[in-house]
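Summary of the model geometry
Chain by chain, the residues run as shown.
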Amino acid sequence: MTDSNAPPGSTTSRDGRDCSAFQRALSRFLDDLPEKSRKGALIQECTSRGDAVTAESINEYIKSVEERKTSRHKIQKYFSPVVNVLRTYDGVINSLVSADPMPTALIWGVLKVVIDGVYRYTNLFETIKAQLESLTFQLRCINLYEDLYRNSEGMQEILCESYINMFRFWNQVVKECHRGHASTFFALKPNKLQKIISHLQSNVAQIKDLGSIIEARRAEDERQRGRVEASKADQDRIEVRHSLQEQKERRDEYYRATQSWIGLQEWNEANNCTRHRNNLNARQRGTCDWLARHSVYSGWQNGITNPSIFWLHSPPGFGKTFLCSHALQLIKDSNPPAAVTYHFYREEHHTGCETLRILAGQLLECYGKHSTQVDEKLYLQTQRRTCSLENIQALIMILVENLPRTYFFIDGLDQEVSPDWRWTEASTVLDFLVRLSMKSPDKVRIWCSSQSQPCIREKLKDVIMFDIKDQLGVRDDVTLYLSRVMSHYYPELDQEADEKDRLLEHLQKRVDGNFLFASLMIDDLEEEAGSLTDLQEIIKQGDLPKTWDDFYRKKFEKIAPPMRRLAHNVFALVAFARRPLRVKELREAVGLLQSETPHSPKAGDRPLIRRLRQLFAPMIEVQIGGSDDDFDDSPCRLFHSTVRDFLMQNSYILGQNLPITQRIIADACLGYLSQSRYAELLTVSGEEWCDIRGENVDHHQFLRYAAKYWGKHLGDVPKSEELHRLVLSFITSSNFQTCIQVQSLWVEHKFAVFGTWGEEDNQTYLVRVFPKWFTEDQSILSKQGVKLWKDYCRFVHDWGHLLDCEKGEVGQIDRCWWAALGPRNFLSRWHGRYTSFIYQADVDANHGIWQDYDGVSMSSDQLKRLRLHSRNDDSLEFICEHWSLPVGDRAPILEKKQTILAHAKATNWLLYSKYSGDESTLRRGAAAPAMFSPDCRVLRIGAQLFALDDQGTYVAMPGLHIESEPYPADVEVFAFSQRYVVVTKRKITKNTNQRATRNRKNNDSRKGINEETNSVAPVSEGGDDEESSTDSESEFSYASSVDSADRAYETWSECSTEYEDDFEDDVIAPWTVPVDGDSSDSSGLESEGNMSDADQSEEPGSDSASEDADFPISAVVGYGQWHSDDEDYDLEGEGTHHQIRLARRPWTRGPRDPQVSLTVFNTECSPPSKIFYFSCKVSSMIYASPPVVHPSEPLVVWPLGGGEVLFADFVANTYFLRKLRPSTRYTKHIFMKCHFSSCELYLHMASLEVQRKPVSTSQRNAERDPLKIALLVSTYRICGHKTTKSPPTLIHRVKVHMGFAKSLPVSELPYTLTWMPTELYFTCSSEVLRVYRIRLFKNPDRLDKTWGEYDVLMPKRTIFLPGTASQRKVYYFPPAVGSTQARVIIGSEVRAYDVEMDENLFGGQHDNNPRCVPKKVDAPGVDLSPPIGCYLDETDDFGGWGNSHNCLDIPEALGIGKLDRRREKFDYDDDCDCKCSWFRTIYYQY
């Protein structure tokens, strides 16, 4: 038996051991011998030895046999010489025999035979002996070959053949040796033996040749393996290089992304780093070195002392900033692995978040230098969150954890002490750093340097305090500084060392270790002392200023009168600027202030650079100042904060008519923005923005500063009536529009919305634009300011997203809908590129009320606006505005304003809305309190219906209110056609009936659903309460009833008219149990009573049990095969072996499932009669899915839920159901909207689908995947002969990808549909116009040529909408025939209120009605927007229609879009008779 694990050519013995070539040869040799030959001596010898027999032992045995052949030695001894001699006469004897034919020839013949026989006999054993000796060596070689080539099948076969030939040779030798001499003499067969020997020799040659071949092959294999290994090594090296390159690229990408998220790198380099470099360059060599030798500092630096916070403080002028730069540079040089970050507080202000961003940017740079990779946690911290204070703090903590030691240097905290809001921001930074150092004192060291202010001392009371005022090192540094400066200015002093020391002693006593005072004194001496003698006299007589004030006063008094006006403007601008002004900005501002025509200043009004250089020294410093060009582009600032303090206390130092105050820079900003060249918006010329004169505004140096800070500077000026009128004039001018444009272009976050961290009310704020006093005073003028501020807030509320965008549309504020702001808004007078309008009368001043409901007609020419005006216990007063929109681009017209009085009981108003004081809240599960029909002909208020009369006024429809039987108490949506009214409702059934009180008597004899038989019973004229009848319905029961005794029944028939059906092969059965592609995760299937993952995320305070159970998986996707257009949802595994797991009763209708009902009334009767009623339970809820009535036939189509659609003939009292399946896996319908074509031949259906893969129980707390939203649009042909009996046939379908969302608020779905004869316009609520133009028929000849081969189109250009449009209904109405002007109408904005509708949300979050502004809006009393609209040209504004790239492929043969009839119910007790086969295993779980 061959062993599969044995070497090639080998066999296996009975005990399982591998057989050798010798053993195989012996076995084959024995098998080939005849039976009589198996008794020979050799065979007996081999058999007797058993398994111990070897080739060597047999060869030795043969040798011994040959040696015992003793007769061989005698013959050789005596006959061999004679025979050899006689062999020489062999030729003679042959001649004699042939020549003599006589009998004597016989003698010669016998003699020849004897001679030949003796010769053969003597040579036979010589040959045998020689061959036996040769075999000894050959056997050793064979053994080596066998071991060496054990895996070579050919070699093993040759070796086996060699052994067989050896056995034949040995066997023949034994035979010869055991014969007698005579028989041996006459029976010799030398040819046979020689043939065997030849075979052995041939085997040897074969072994050698094959060995050479095998070795060559092995060598080639080795070379090939070497090449493969070399290639693999090369590939590995390449992969390693690629991996390293990918890691580097990923690191660089993470680093750049994190750096970009932090931001402020340019500011840090231009200001912080420059400040540090300037400090190092300005430090006198040899000064500050004492700090490193001081034990207090060195203990802090080396981490020996605690706490880890070091506060260096002193009065102004002692060199704290220079010591800070020197200390941080010492640490950088002495400890390279340490991260050193720093921030110098100066005039410009930074929020706490911005300051931490600066520090974080430096930390990231240090991290990047010492780390080869960017930690993924670090990267994710930045990419999933906004750059808020909390997030930047978290980032800093992560960076600190990944760095060996971190030093934070904060200098100039005293600069932030005043005003209070600046100290609040600085405290935020300081508090965080203190907490960080306390958490990691060994890794975090903090340096603070500032003046000793009470608030700072309170913050740092428990840290290392180091006062440098009395430090000897500081005094020595000042002495060194004075010595060098005096030697520089007065080199003669170096000749008189004693005199120099005496002068230095006098100066040192005067300055008292203060660097600032020393530098000022040297400047004064340079001006006053013209010689060494003058210097000595001034110092000895003490004529130097004794205080800073004396020095500054002396400097200002020396300014010449002609220069004082220039100095007045320059010092005011530099001292009170909110950031360091560049010299060119300063020159332009001064030029405007000095110009005689400030509305149009000239370039010649600007001061010369030479004059400024003279004026600046020494109190204004310029960071860079080589050439005039460098000087002009350099920032300038007061050289020390004490100069600003002096100017604040001595504002009239230059004269009573030249005060240095905040008013100067405020006038400069306001005057600059009020120039005539900014009376119109800036325009784009190539890549440049130009003013009205065509000048590039990049050359307007002061423009950006003025646009950013004008309001703040004016707010710092005391209010006055004159200043108030100037501000009012500017705000209401067109220049303010240009100012907004400049802010949008070049001022960061000017229109962003901010919040205060940690506040529970989540109040939001806008950046202040107007002066503070302009809106907070109680005067009449300030009331005007408040009105303007509210108007501005309204504008930013709507258009802040456009103003704050960073894309190509930045600065294009002419895109705003100015007129849509309302006639009372001062900004509405500005002009834009679009014609917009608002549905608001000029006299309407009170439109910001709580409950507002709109209705827009399908033709867009009518809009109705209903507002609740007042309410008491019994009555409701509504104001209904009737608006019309004329043809063309004219504004809408208010046709009439109607007052509607309704009774609270008749409308059942409290069923829809409940009140707490004046605040209204929607009730859980209730429909909208009011709504209009699509054509605005019918209005529903609560449950009561109103219709337009001949005068266009809404009047109550008789009998259609809850006080009239048998009208239902709860109405959600309705439909109206001719004389028929269809009302519907959806709700979650309860175990106990809860309904509104009706003013009618109960009739115990009324019948509804028979609970015991699960049958449908007729309902009498005064039937039972509808809710009561449906709540008791058993699972899978359907109810349909009329007010006659006849019961509605389910029936349908095939259409007799033959149509071409393009989807006739697309007939996959809809409700077969799906193959479980995720069989390893059974948690994907929900058990009975549980809602799916898509709806199961609970918020605090929500009900623990869902009232809106989602589809179980088997009900959601009941296909014979899965389909997914998403790679993430592919099936796991392939092949023919599948596992089908039937979940625990996938879904049955239970007592808490959604309940739906539909009632049809005939309004020709008085009161209206109930002619049809249908009720059932469904597997899941759908929303905003009203019924539709056929224009001419008694057919109503209504989506029920769970994909089921009702087709009812309400006159014939029949119905049938069809099911529209979701198009993908893990998908749920959100709405299904139906529409009959105007030709009455087609039914269109638009189904909004939401898809999200469920997660296992262990992943429920993980971040969920977003919802994938898609729209499936289907067109069906209606049977012309059996319109109400025959199901429609699918003829066209389109699927559109609508994007992703974390949740979807189903109480107010952000979508609208506009049906046209051949296309559907699907519009999404968004900040930009997102409208999809969807083909309803596949025949392109019926449509215009713009479609091409596409089924879905979108506008080619971006059209911005108000920011609130994402929370409001957006309607798009295409142009009329022959026109290109379309209309966009945006519904009313509603105020925020809590909606208790957890079950109505797909996504697991509370629905707080996102169609709203915050409860606490940006300004007190900001009115909410009524409906607005705009005219858009599809050619000029859209740029035409183009492919949306959102159309999804729909796979064939899955029946997607088809309306399938119901299948027989699967009975789990009776029908589950499963059989296991060889290819499929079925599990059934109870």
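Residues numbered from 1 in each chain as written. Predicted model: local features only at pLDDT ≥ 70, side-chain atom pairs only at ≥ 80, totals over all residues. Heavy atoms only, no water.

**Comments concerning the sheet that holds strand β3 (residues 406-411)**
Note the threshold: Criterion used throughout: strands pair if DSSP finds at least two bridges between them. Under the scheme used here, helices are H or I runs from DSSP no shorter than 4 residues and strands are E runs no shorter than 2 residues, and both carry numbers assigned from the N terminus. Angular values range over 0 to 180 degrees, each being the angle between N-to-C directions of two axes fitted as lines to C-alpha atoms, with helices fitted over their stretch in contact. Between two residues, a contact is recorded if the distance between any of their heavy atoms is within 4.5 Å.
Overall, parallel pairing links the five strands, which are arranged β2-β3-β4-β1-β5 in an open sheet. The open sheet terminates on both sides in strands that have one partner only, identified here as β2 (339-344) and β5 (464-467). For this sheet, the mean inter-axis angle between neighbouring strands, taken without regard to orientation, is 15 degrees. When β3 meets strand β4 (residues 444-450), the two strands line up parallel, connected through six bridges. Paired with Thr 406 across the two strands is Val 444, which belongs to β4. Packing of helix α14 (residues 352-370) onto the sheet brings it into contact with β2 and β3, and relative to β2 it is tilted by some 155 degrees. Seen against the sheet, helix α17 (residues 420-439) touches β1 (309-313), β3 and β4 and runs at an angle of roughly 145 degrees to β4.

**Focus: the confidence of the model for the protein**
Here is the rule we go by: By definition, pLDDT measures how confident the predictor is in each residue, and it falls between 0 and 100.
The predicted model of the protein has a mean per-residue pLDDT of 78, with 75% of residues at 70 or higher. Every residue in residues 991-1038 is under pLDDT 50, and counting partners more than four places away or in other chains gives 92 contacts.

**Some points on the environment of Ala 1208**
Relative to the elements of secondary structure, Ala 1208 occurs in strand β33 (residues 1204-1209). Along the sequence, Ala 1208 and Val 1197 sit eleven residues apart, while their C-alpha atoms lie 6.6 Å from each other. The contact partners of Ala 1208, leaving out residues within four places of it in the chain, are Phe 1172, Pro 1194, Leu 1195, Val 1196, Thr 1214 and Tyr 1215.

**What to know about the nonpolar core**
Defined as follows: Only buried residues count toward a nonpolar core. Its members are Ala, Val, Leu, Ile, Met, Phe, Trp, Tyr and Cys residues joined through side-chain atoms within 4.5 Å. Residue burial is assigned from relative accessible area. The probe radius is 1.4 Å, only protein chains are included, and a residue is buried under 20% of its type maximum, exposed over 50%, and partly exposed in between.
Residues Trp 710, Phe 736 and Phe 795 are the most contacted members of the largest nonpolar core, which totals 118 residues. If you tally residues by element for this core, the top one is helix α24 (residues 561-576), at ten residues. Here Trp 710 is in contact with Cys 669, Leu 670, Leu 673, Val 727, Phe 730, Ile 731, Phe 736, Cys 739, Gln 743, Val 769, Phe 770 and Pro 771, once residues within four sequence places are set aside. Membership of the second largest hydrophobic core comes to 45 residues, among which are Ile 262, Leu 356, Leu 433 and Val 463.

**A few points about the sheet that holds strand β35 (residues 1227-1236)**
Strands in a sheet are paired, the pairing made by backbone hydrogen bonds, and the direction either parallel or antiparallel. Ordered in space as β35-β36-β37-β38-β51, the five strands form an open sheet in which the pairing is antiparallel. Across the chains shown, the open sheet's two edge strands, defined by having one partner strand only, are β35 and β51 (1447-1448). In the sheet, strand β38 (residues 1289-1301) pairs with β51 via two bridges, with the strands oriented antiparallel. Looking at the pairing, Lys 1295 lines up with Leu 1448 of β51.

**Things to note about unusual backbone geometry**
Cis peptide bonds are those with omega within 30 degrees of zero, and the linkage from Ser 418 to Pro 419 qualifies with 0 degrees. Note that Pro 419 resides in the loop between β3 and α17. Of note, the bond from Glu 965 into Pro 966 is cis; its omega dihedral lies within 30 degrees of zero at 0 degrees. Note that Pro 966 resides in the loop between β23 (954-956) and β24 (973-977). Even without a glycine there, the phi angle at Asp 512 is positive, about 55 degrees. Topologically, Asp 512 is positioned in the loop between α20 (497-511) and α21 (515-528). Even without glycine at this site, Asn 908 takes up a positive phi of about 55 degrees. Secondary-structure assignment places Asn 908 in the loop between α35 (904-907) and β18 (913-916).

**Overview of the pattern of salt bridges**
Applicable threshold: Every case where a carboxyl oxygen of Asp or Glu lies within 4 Å of a side-chain nitrogen of Lys or Arg is listed as a salt bridge.
In this structure the tally under the stated criterion is 45 salt bridges. We note a salt bridge from Arg 587 to Asp 632, for which the minimum N-O separation is 3.4 Å. Separated by 45 residues along the polypeptide, Arg 587 in helix α25 (residues 583-594) and Asp 632 in helix α27 (residues 628-632) bring together distant segments of the chain. The same class applies to Arg 587 as to Asp 632, namely buried. Ionic pairing is found between Asp 852 and Arg 865, a salt bridge with its closest N-O pair at 3.0 Å. Of the two residues, Asp 852 sits in strand β14 (residues 852-856) while Arg 865 sits in strand β15 (residues 862-871), which places them 13 residues apart along the sequence. The same class applies to Asp 852 as to Arg 865, namely buried. Connected via shared salt-bridge partners are Glu 588, Arg 606, Arg 677 and Glu 695.

**Points about the side chain of Thr 1312**
Put simply, the rule reads: Counted as a polar contact is a pair of N or O atoms within 3.5 Å, where, for protein atoms, one must be capable of donating a hydrogen and the other of accepting one, and residues adjacent in sequence contribute only when both atoms are in side chains.
On the secondary structure map, Thr 1312 appears in strand β40 (residues 1311-1315). A polar atom in the side chain of Thr 1312 sits 2.4 Å from the backbone oxygen of Val 1370. Residue contacts for Thr 1312: discarding those within four places in its chain leaves Tyr 1321, Phe 1322, Thr 1323, Lys 1369, Val 1370 and Tyr 1371.

**Quick notes on the packing of α25 against helix α26 (residues 609-616)**
Put simply, the test is: Throughout, the term roughly parallel applies to angles under 35 degrees, roughly antiparallel to angles over 145, roughly perpendicular to angles from 65 to 115, and oblique to all others. In this classification, Asp, Glu, Lys and Arg are treated as charged, Ala, Val, Leu, Ile, Met, Phe, Trp, Tyr, Cys and Pro as nonpolar, and every other residue, Gly included, as polar.
Put simply, α25 and α26 touch, their axes get as near as 12 Å, and they point 105 degrees apart. The angle between α25 and α26 falls in the class roughly perpendicular. On the side of α25, the interface is formed by Val 583, Leu 586 and Arg 587, while α26 contributes Ile 609, Leu 612 and Phe 616. Among the residues forming the contact of α25 with α26, the class breakdown is five nonpolar, no polar and one charged.

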